[in-house]
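For reference, the chains in residue letters:
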Amino acid sequence: MSPREGGPQGDPELDGPVPGAPDGGWRYPRKRPSLPESFRSVRIARHAPWWRKALAFAGPGYMVAVGYMDPGNWATDLAGGAQFGYALLSVILLSNLMAMLLQSLTVKLGVVAGRDLAQACRDHYSRPTSFVLWVLCEIAIIATDLAEVIGSAIALNLLFGIPMLWGVIITAVDVLLILLLQHKGFRYLEAFVIALVAVIGICFAVEMALAKPEIAALVAGLVPTTEIVTNPTMLYIAIGILGATVMPHNLYLHSAIVQVRHMGDSPEDKRETIRFATIDSTVALFSAFLINAAILILSAATFHGTGYEHVADIHDAHRLLAPLLGTTLASVLFAVALLASGQNSTITGTLAGQIVMEGFLDIRLPAWLRRMITRLLAIVPAVIVTAMYGDRGTGALLILSQVILSLQLSFAVVPLVQFTSSRAKMGEFANGQLLKVVAWTMTAVIAGLNIRLLIGTFRAWLS
């Protein structure tokens, strides 16, 4: 076997296991890294103090976390808080706990196997199966980007009066921003994302102070009730929250960007890398939970029980916040946070699109062309939708996009749990028995809720 085909004499960063291995291991003749322009660009000293390692690993988790506070979350949280008060806070909490576990599995896959989830699917499954998974993933990314692009356009409209259609087109500029920041170094891109997360957090901290939510009802809302499953309307929004929180494209994204860091290739180095990267993602996702919950709390405290229970449109929420809370600052901060959320999410969504296209199809294109293609996949549908529906009705479209994400989620979660549970693929890092039970149970719950939603939707169409 020649070095180029993979083998002991090959490049350790380009070559992988022999294809067709009978032990069920990975099947790829030549290992190409995810995001090659940033792969292992952040080297971390093995003997550095723990706090320096923790700071060095901080970043990828926040890039993933922005997907948990994107404009799609806003639509579902606004609708859930206005209609049902604090009751759906428990769904946000449970969704974030699921997210923390799933993202820890993506960390393990990326660090141990050196493959992102898209590459791992291409390595393991047949070509037709991989193609179907790619198509489903692209649909999920388009649904994600639709929410992010529309959210950014709404924010530009609210802040500067820019028409929605032009706002959608303007969001394409993020391609140039990504190229500029990545050219400087991946840490610059991470710093930009973290700064925007901080802006969103500050805006909602002020909003909470203005809204003065009822603490006892808020705490009670963290406990799930059976009504969430038995009430069709509540279930629809709950599954929308699930889809907006545990997002399929984040599983692909995280398994790639975790490989930007490199400490070493020994089992001890990988174990320490997994530990610090998991801490990074868990802390970041907890921050995302606070922001995500704050959106629902703001909606519940401001609209529920005041005659505005059917507020789900972001335009209406922005318009009503000022008179109901008694200050125009509330509306301005709401729009600023929405703009930061939309811009952050389009950046990470574009990166996820690149990772998925390269991973499933093994296509190698210039960086600017890859980004432009993935951005157009979002911009074109968003332009069509905006031209058809105008400024109104975007709330329903945002919620629908998140339900679509939830329906696609199982097709990303099942391979992830399958791969990380395989000792043939992960060796000593394979999921333990307890973790397998928890992960597969969670996967079954996600699939079951989605099946219930489909049955309910189908019955509603027939009636």
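What you see is a predicted model, and the numbers here were worked out from it, not measured in a lab.

S.K.: How would you sum up a nonpolar patch on the surface? Please name residues and give values.
M.R.: A surface patch of nonpolar side chains, amounting to about 610 Å² of accessible area, comprises Trp368, Met372, Leu376, Val380, Ile384 and Met388. Mapped onto the elements, Trp368 comes out in helix α17 (residues 367-389).

S.K.: Describe the packing of helix α15 (residues 314-325) against helix α16 (residues 328-361), with residues and values.
M.R.: One can describe the packing of α15 onto α16 by two numbers: an axis separation of 6 Å at closest approach and a directional angle of 150 degrees. By the angle class used here, α15 and α16 are roughly antiparallel. Where α15 approaches α16, its residues Ile314, Ala317, His318, Leu321, Ala322 and Leu325 are matched on the opposing element by Thr328, Ala330, Ser331, Phe334, Ala335 and Leu338. When the residues that make up the contact of α15 with α16 are grouped by side-chain class, the tally is nine nonpolar, three polar and no charged.

S.K.: Report on the state of the cysteines, specifying residues and quantitative values.
M.R.: Summed over the entire model, instances satisfying the criterion amount to zero disulfides. Unpaired in terms of disulfides, Cys121 finds its nearest cysteine sulfur in Cys137, a separation of 8.6 Å. You can call Cys121 buried: its relative accessible area is 0%.

S.K.: Can you tell me about the confidence of the model for the chain, naming the residues and giving the values?
M.R.: Summarising the model, the chain shows a mean pLDDT of 81, and 83% of its residues fall at 70 or more. Low pLDDT, under 50, characterises residues 1-23; the predicted model gives this stretch 36 contacts beyond four residues in sequence or across chains.

S.K.: Tell me about the packing of helix α9 (residues 186-211) against helix α14 (residues 267-303), and please be specific about residues and values.
M.R.: Taken N-terminus to C-terminus, the directions of α9 and α14 make an angle of 30 degrees; their axes are 10 Å apart at the nearest point. Classified by the angle between their axes, α9 and α14 sit roughly parallel to one another. Once α9 is placed against α14, the crossing between them reads as left-handed. Across from Val197, Ile200, Gly201, Phe204, Glu207, Met208 and Ala211 in α9, the residues of α14 making contact are Ile291, Ala294, Ile295, Ile297, Leu298, Ala301 and Thr302.

S.K.: So what's going on with the nonpolar core? Which residues, and what values?
M.R.: Formed by 127 residues in total, the largest nonpolar core has its most connected members in Leu88, Leu117, Phe204 and Phe360. Leave out the neighbours within four places in its chain, and Leu117 touches Leu109, Leu251, Tyr252, Ser255, Ala412, Pro415, Leu416 and Phe419.

S.K.: Explain the side chain of Glu272 to me, using residue names and the numbers behind them.
M.R.: Mapped onto the elements of the fold, Glu272 is located in helix α14. Setting aside chain neighbours within four positions, we find Glu272 in contact with Lys53 and Met263.

Calculation rules
- Residues numbered from 1 in each chain as written.
- Predicted model: local features only at pLDDT ≥ 70, side-chain atom pairs only at ≥ 80, totals over all residues.
- Heavy atoms only, no water.
- Patch = residues over 30% accessible without salt bridge, like charges linked within 9 Å, V, L, I, M, F, W, Y side chains within 5 Å.
- Areas by Shrake-Rupley, 256 points an atom, 1.4 Å probe, with all protein chains shown as cover.
- Salt bridge = Lys/Arg side-chain N within 4 Å of Asp/Glu carboxyl O.
- Helix = DSSP H or I, 4+ residues; strand = E, 2+ residues; numbered from the N terminus.
- Axes fitted to C-alpha atoms, helices over the stretch in contact; angles between N-to-C directions.
- Parallel < 35°, antiparallel > 145°, perpendicular 65-115°, else oblique.
- Contact = heavy atoms within 4.5 Å.
- Nonpolar A, V, L, I, M, F, W, Y, C, P; charged D, E, K, R; others polar.
- Disulfide = S-S within 2.5 Å.
- Buried < 20%, exposed > 50% of the residue type's maximum accessible area, 1.4 Å probe, protein only.
- pLDDT = per-residue confidence, 0-100.
- Left-handed = near helix turned anticlockwise from the far one by under 90°.
- Core = buried A, V, L, I, M, F, W, Y, C linked by side-chain atoms within 4.5 Å.

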